[in-house]
Amino acid sequence: TMSVDSTAWALSACYVISVYTGMWFLSMLLPGRRSRGSAKDCNGKHLEYKLNGLLCTLVGCAAVYVVSYAVPTVQLDFLITHFTECATVAFIIGLVVSIVLFAIGDSWPEHVSAEGPTHCRMSGLRRFFVGAELNPRWMGVDIKMWLYLVGVFMVILTLVSAVAHECKRSGGAAGLHALFLVYVGEMLWFCFDYLVFEHVQLTTYDLFAENVGFKLAWGCLCFYPFFYPICVWPFVNPGGGLPAIEQLQMFWGQPVLSVVLFTCGAILSRGSNLQKYAFKTAMIRKRNFFFFRQESIAGKLLVSGFWGVSRHVNYLGEILMATGMALCGGLAQPFSYRVLLPWLYPLYYVILLFSREREDNRRCAQKYGTLWAVYQKRVPYRIIPYVY
């Protein structure tokens, strides 16, 4: 038994390390579109990014597929059957990377911190948690963008692994549960939506307002890959036996409700971020954005279209998407911990985004001054129209 366990741990370590380093080298070597972001260097110049996340993902998926056939001990369902081992390895890697980033501290070339001059007064614990450097880069790779890429790629691999595992158990794709297919489709859309619109990410809060420390490094290397696909667990049971979803009494509108919630959320999230990107990059500042007329306060704060609904309508979109996904596997009977797990996903978004909204509100009040007060009167709702 010890030999089998040791082999499983060794394979899991090789698997996770190979994926993480592989995505690093793919990011460095593969060609990509050059795009300017909102983040600035120490001279106040906007940083330029190489965007090749979609290409890296496709090449990475092809490599994993080839390995699964070439190496009998690493099948397509490896991540599901070795989930605990892989998550533990990722936990350790995330911690090690966080410690290295903390040790380097302010020594990065052209050092810039999102905390501004006050970062020097942060406690050691806070510096470890939030990080000291806004845009660390090494060997031509933007570490922040690499972290996001690893996270989304591992989520995709987990979905592929879950599908492969259930195909084995049920005797083929025809035996997969309808709600499982709906969930996999929604989460894949979520992942590839990020990869296709990677350039829009360059104008989001994460890129220009958050340093790279334990929160982001461990979050993208461990939490993101192994928590975001949490909704798969009612559908799979790698320990043997039937998954919880086999007990589901599906009501007629459940898949429809899931798709409707997810679609509405995707429209709000992607639509608002695209509108903001177009406005910030001055692409259509004097024209309409689809059906909306672009209106702003002093040419700085959008008050039309999606951004006239609430100040963070994109957050509402992300919460609706998460709720739609949780609906797929979160209503099995009788209730068990596996059935409750999917609801942790939208709960996480509520906690994260409501607290981020408060922080962003403080930042914007300092940045825009009286204009922000005018904006708050024009768009009174923070996230949910007519509610909050």
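None of the values given here were measured: they were computed from a predicted structure.

Colleague: Got a sec to walk through the side chain of Ser258? Specific residues and values, please.
Modeller: With respect to the element layout, Ser258 can be found in helix α10 (residues 254–280). One polar contact links the side chain of Ser258 to the main-chain carbonyl oxygen of Gly324, over a distance of 2.6 Å. With near-sequence residues (within four places) excluded, Ser258 lies in contact with Val182, Glu186, Gly324, Met325, Leu327 and Cys328.

Colleague: Got a sec to walk through the pattern of salt bridges? Specific residues and values, please.
Modeller: Pairing is possible between side chains that carry opposite charge, provided their charged atoms lie close to one another. What the rule picks out here adds up to nine salt bridges. Here Glu357 makes a salt bridge to Arg358, at a shortest N to O gap of 4.0 Å. Judged by its relative accessible area of 1%, Glu357 is buried. Among the ionic pairs, Arg382 bridges to Glu357, the shortest N-O distance being 3.0 Å. Taken as a pair, Arg382 in the segment after α14 (370–378) and Glu357 in helix α13 (residues 344–368) lie far apart in primary sequence, 25 residues in all. If you follow the salt bridges from partner to partner, you end up with Glu210, Lys215 and Arg356 in one network.

Colleague: Describe a nonpolar patch on the surface, and please don't skip the residues or the numbers.
Modeller: A cluster of nonpolar side chains, Phe91, Ile92, Leu95, Val96, Ile99 and Val100, forms an exposed patch at the surface whose accessible area comes to about 500 Å². On the secondary structure map, Val100 appears in helix α4 (residues 83–104). Owing to a relative accessible area of 43%, Val100 belongs among the partly exposed residues under this scheme.

Colleague: Would you mind going over the layout of surface pockets in detail, with residue names and values included?
Modeller: Counted as a void, the second largest pocket has a volume near 440 Å³. Along its surface, the second largest pocket is lined by 16 residues, and Thr21, Trp24, Val97, Trp138 and Trp146 are the ones closest to its centre. Counting residues per element, the ones that place at least two in the lining of the second largest pocket are α1 (2–29), α4 and α6 (143–170). At six residues, the largest contribution of residues to the lining of the second largest pocket is made by α4. Partitioned by chemical class, the residues of the lining of the second largest pocket number 15 nonpolar, one polar and no charged.

Colleague: Tell me about the pairing of strand β1 (residues 33–40), and name the residues and values.
Modeller: Residues in a regular strand point their side chains to alternate faces of the sheet. For β1 and strand β2 (residues 46–51), the ladder comprises five bridges, and the chain directions are antiparallel. Following the sheet pairing, Arg36 is matched in β2 by Glu48. Where β1 folds back on β2, the antiparallel hairpin that results is connected by five residues, among which Gly44 adopts a positive phi of roughly 80 degrees.

Colleague: Describe the packing of helix α7 (residues 178–196) against helix α11 (residues 313–329), listing the residues and the values that go with them.
Modeller: At their nearest, the axes of α7 and α11 sit 8 Å apart, and the two run at 155 degrees to each other. Between α7 and α11, the interaxial angle falls into the category roughly antiparallel. α7 and α11 meet at a crossing whose hand is left-handed. Facing Leu179, Val182, Tyr183, Glu186, Met187 and Phe190 of α7, the residues of α11 in contact are Met321, Gly324, Met325 and Cys328. Class assignment for the residues of the contact of α7 with α11 results in eight nonpolar, one polar and one charged.

Colleague: I'd love a proper account of the side chain of Gln201, names of residues and values included.
Modeller: With respect to the helices and strands, Gln201 occurs in the loop between α7 and α8 (205–209). For Gln201, the contacting residues outside a window of four places in its chain are Tyr148, Tyr194, Asp206 and Leu207.

Colleague: How would you explain a positive patch on the surface if you had to name every residue and give the values?
Modeller: A cluster of like positive charges, contributed by Arg36, Lys40, Lys280, Lys300 and Lys367, occupies part of the molecular surface. Within the fold, Arg36 resides in strand β1.

Colleague: Provide a residue-level description of the environment of Asp41, including the pertinent values.
Modeller: Tracing the backbone shows Asp41 in the loop between β1 and β2. Relative accessible area serves as the criterion here: at 15%, Asp41 is assigned to the buried category. Along the sequence, Asp41 and Leu134 sit 93 residues apart, while their C-alpha atoms lie 9.0 Å from each other.

Colleague: Help me get a handle on the packing of aromatic side chains, residues and values and all.
Modeller: One pass over the structure, following the stated rule, counts 29 aromatic pairs. Ring centres 5.3 Å apart and planes at 75 degrees place the aromatic pair Phe83 and Phe226 in the edge-to-face group. Taken together, the residues Phe83 in helix α4 and Phe226 in helix α9 (residues 214–227) connect sequence positions 143 residues apart. Each member of the pair Phe83 and Phe226 is classed as buried. The ring of Tyr49 has Arg137 sitting right over it, with the charged end atom 4.7 Å from the ring centre.

Colleague: Tell me about the state of the cysteines, and name the residues and values.
Modeller: Taken as a whole and judged by the stated rule, the model has zero disulfides. As a non-bridged cysteine, Cys328 has Cys231 as the owner of its nearest cysteine sulfur, 7.6 Å distant.

Colleague: Outline the environment of Glu133, listing residues and values.
Modeller: Topologically, Glu133 is positioned in the loop between α5 (124–130) and β3 (137–138). Residue classification places Glu133 among the buried positions, given a relative accessible area of 3%. Polar side-chain contacts of Glu133 include one of 3.1 Å to the backbone nitrogen of Asn135.

Colleague: Explain the packing of helix α2 (residues 53–70) against α7 residue by residue, including any values.
Modeller: The geometry of α2 relative to α7 is characterised by a closest axis approach of 8 Å and an angle of 130 degrees between their N-to-C directions. One finds that α2 runs oblique with respect to α7. Contacts from Gly53, Leu54, Thr57 and Leu58 of α2 reach α7 at Phe192, Leu195 and Val196. Looking at the contact of α2 with α7, its residues break down into five nonpolar, two polar and no charged.

What counts as what
Residues numbered from 1 in each chain as written. Predicted model: local features only at pLDDT ≥ 70, side-chain atom pairs only at ≥ 80, totals over all residues. Heavy atoms only, no water. Helix = DSSP H or I, 4+ residues; strand = E, 2+ residues; numbered from the N terminus. Polar contact = N/O pair within 3.5 Å; in protein donor to acceptor, adjacent residues only side chain to side chain. Contact = heavy atoms within 4.5 Å. Salt bridge = Lys/Arg side-chain N within 4 Å of Asp/Glu carboxyl O. Buried < 20%, exposed > 50% of the residue type's maximum accessible area, 1.4 Å probe, protein only. Patch = residues over 30% accessible without salt bridge, like charges linked within 9 Å, V, L, I, M, F, W, Y side chains within 5 Å. Areas by Shrake-Rupley, 256 points an atom, 1.4 Å probe, with all protein chains shown as cover. 1 Å grid on protein atoms, 1.4 Å probe; cavity = no way out; pocket = protein on both sides within 12 Å on 5 of 7 lines; lining within 4 Å. Points joined across faces, edges and corners; volume = space filled by probe spheres on them. Nonpolar A, V, L, I, M, F, W, Y, C, P; charged D, E, K, R; others polar. Pairing = 2+ DSSP bridges. Axes fitted to C-alpha atoms, helices over the stretch in contact; angles between N-to-C directions. Parallel < 35°, antiparallel > 145°, perpendicular 65-115°, else oblique. Left-handed = near helix turned anticlockwise from the far one by under 90°. Lys, Arg positive; Asp, Glu negative; His and termini not counted. Charge placed at Lys NZ, Arg CZ, Asp CG, Glu CD. Phe/Tyr/Trp six-rings, centres within 6.5 Å; stacked < 30°, edge-to-face > 60°. Lys NZ or Arg CZ within 6 Å of the ring centre and 35° of its normal. Disulfide = S-S within 2.5 Å.

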